[in-house]
Amino acid sequence: AVLRSSLREFIASEFMAAVGVPTSRALSLAASETPNVVRDQFYDGNHQQEPGAIVLRMAPTWIRFGTFEIFASRSDWGAVKQ
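What counts and how
Residues numbered from 1 in each chain as written. Predicted model: local features only at pLDDT ≥ 70, side-chain atom pairs only at ≥ 80, totals over all residues. Heavy atoms only, no water. Helix = DSSP H or I, 4+ residues; strand = E, 2+ residues; numbered from the N terminus. Rg over C-alpha atoms; globule rule 2.2 N^0.38 Å. pLDDT = per-residue confidence, 0-100. Expected span 1.5 Å × (residues − 1).

Some words on the overall build of the protein chain
Stage number 1. Scanning the protein chain from terminus to terminus reveals three helices and two strands.
Stage number 2. Traced from its N-terminal end to its C-terminal end, the protein chain shows the element sequence α-β-β-α-α.
Stage number 3. Here the C-alpha atoms of the protein chain give a radius of gyration of 17 Å, more than 25% beyond the 12 Å that 2.2 N^0.38 yields for 82 residues.
Stage number 4. With respect to the three principal axes, the spread of C-alpha positions in the protein chain is 45 × 35 × 25 Å.

Structure, rendered in structure tokens:
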């Protein structure tokens, strides 16, 4: 992701936690040293390189819905129920 989006995600998740909304927490934000992510910020055909970043999040438990989708696409209902 780009730095601006990652920073927004970090701040929003911490704000939600501060006001009592149960959510995962932003543990850290790591920015890349070089602008190496190409994005079209306004979807106008003007692609630019921007600094990349990663938000590390944590939670007491975590359910990733994409995992269920993988098993469901394979009709592996036993794994979905597990």
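After that view of the structure, there is still more to cover.
Details of the confidence of the model for the protein chain
Stage number 1. With 100% of its residues at a pLDDT of at least 70, the protein chain reaches an overall mean of 86.
Stage number 2. The element-level mean pLDDT for the protein chain is lowest in helix 2 (residues 65-73), coming to 81, with helix 1 (residues 3-18) highest at 92.

Let's talk about helix 1
Two residues of an α-helix separated by three or four positions point the same way, owing to the 3.6 residues in each turn.
Stage number 1. Across its 16 residues, helix 1 extends 22 Å between first and last C-alpha, which sits within 8% of the 22 Å expected from 1.5 Å per residue.
Stage number 2. A positive backbone phi angle near 95° is found at Gly-20, which sits one or two residues after helix 1.

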